Amino acid sequence: MKDLVQARKKEMSYHEQFYRDTALFEPGTWLSKPVEVVLDMLSRLDLNNEVRVLDLGCGVGRNSIPIAQKIQKTGGSVVSMDLLPIAIDKLRTYAEKYKVNESIHTKVADAEFYPITPGHFDYIIACSCLEHVSGIAAFRSVIQRMINGTRNEGIHCILMSTEVMEYQIETGEETEGEIELNLKTEEAVSTLRELYTDWEILIQRAVPQTIHEKKYEKEIEFRSTWLTFAARNARKRF
Ligand SMILES: C[S@@+](CC[C@H](N)C(=O)[O-])C[C@H]1O[C@@H](n2cnc3c(N)ncnc32)[C@H](O)[C@@H]1O
């Protein structure tokens, strides 16, 4: 429990500071552009219809805003939710700046407990969000809610870090990363395959990722696996 509280505190303070210091689409930062695969998966939907999108852990709108720009003219909308009030405040300001204010509905909430209206959404994104729930049971239950909340032919796009390790460059010491849910890649993949058993799997990809950072004045590397999983609800419902 202490580890969970500690990891959550660290996660929140990192993002609060980062969103304060970094503008949406600022070059040279991870906010510089939307995630390509998130927009690719959107383009698989029929954008001539009114498309309903849910962005879990939306941050300041790196994906929500470009999506809203693409779907608003046909009446589509995005529900963007995040744990941090500052993320949602900034997103509201950016939504106004990029003229998508009316197509984005926001909510400050924890994805772990966020209710999703059954059969409502065409596209649900969780980009760096599901590794921040309290455990594997919570992970399963959020995904189950996402599945229940999706219309026929709807798509999910999940991106997350697994097997997060912290490597001290000076000493060569490697310790487990401080993150709420540090799943083994294999466990994450097998859980996803099980939960999405009657969906069409569109992407399943796991690639190593290294991020160089300074922590307490020491050079460190965050080493993890970057998992991309996308699936389409191909079930026929009567
Ligand atoms: C790395 S950022 C990614 C933000 C956004 N998805 C993007 O791609 O730009 C992770 C975001 O998830 C949010 N977050 C972390 N845990 C969460 C939770 N349990 N429920 C909702 N949001 C959460 C953080 O506040 C942060 O804004």
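Since the model is a prediction, treat every value here as computed from it, not as a measurement.

About the criteria used
Residues numbered from 1 in each chain as written. Predicted model: local features only at pLDDT ≥ 70, side-chain atom pairs only at ≥ 80, totals over all residues. Heavy atoms only, no water. Phe/Tyr/Trp six-rings, centres within 6.5 Å; stacked < 30°, edge-to-face > 60°. Helix = DSSP H or I, 4+ residues; strand = E, 2+ residues; numbered from the N terminus. Buried < 20%, exposed > 50% of the residue type's maximum accessible area, 1.4 Å probe, protein only. Near = heavy atom within 4 Å. Polar contact = N/O pair within 3.5 Å; in protein donor to acceptor, adjacent residues only side chain to side chain. Areas by Shrake-Rupley, 256 points an atom, 1.4 Å probe, with all protein chains shown as cover. Nonpolar A, V, L, I, M, F, W, Y, C, P; charged D, E, K, R; others polar. Contact = heavy atoms within 4.5 Å. Disulfide = S-S within 2.5 Å.

A. Geometry of the packing of aromatic side chains. Taken as a whole, this structure holds seven aromatic pairs when the rule is applied. Ring centres 5.7 Å apart and planes at 20° place the aromatic pair tyrosine 14 and phenylalanine 18 in the stacked group. In this pair, tyrosine 14 and phenylalanine 18 both sit in helix H1 (residues 2–21), four residues apart, roughly one turn of the helix. Judged by its relative accessible area of 35%, tyrosine 14 falls in the partly exposed class.

B. Quick peek at the site of the ligand. Taken together, 19 residues form the shell around the ligand, and within it Tyr19, Gly57, Arg62, Asp82 and Ala111 come nearest. The side chain of tyrosine 19 places a nitrogen or oxygen atom 2.6 Å from an oxygen atom of the ligand. Note that a nitrogen atom of the ligand is positioned 3.4 Å from one of the backbone N or O atoms of histidine 132. Out of a free accessible area of 590 Å², the ligand has 96% covered by protein chains. Element by element, the count of residues in the shell around the ligand is highest for H1, at four residues. Split by residue class, the shell around the ligand holds eight nonpolar, six polar and five charged.

C. Just the environment of isoleucine 104, in detail. With respect to the helices and strands, isoleucine 104 occurs in strand S3 (residues 104–108). Using a relative accessible area of 2% as the deciding quantity, one classes isoleucine 104 as buried. The residues touching isoleucine 104, leaving out its near neighbours within four places in the chain, are Ser64, Ile65, Ala68, Val78, Ser80, Leu91, Arg92 and Ala95.

D. Quick peek at the state of the cysteines. On inspection of all chains with the given rule, the structure shows zero disulfides. Sulfur of cysteine 127: no disulfide; nearest cysteine sulfur belongs to cysteine 157 and is 7.5 Å away. Summary of cysteine pairing: cysteine 129 is not part of a disulfide, and the nearest cysteine sulfur, belonging to cysteine 58, is at 9.0 Å. Owing to a relative accessible area of 8%, cysteine 129 belongs among the buried residues under this scheme.

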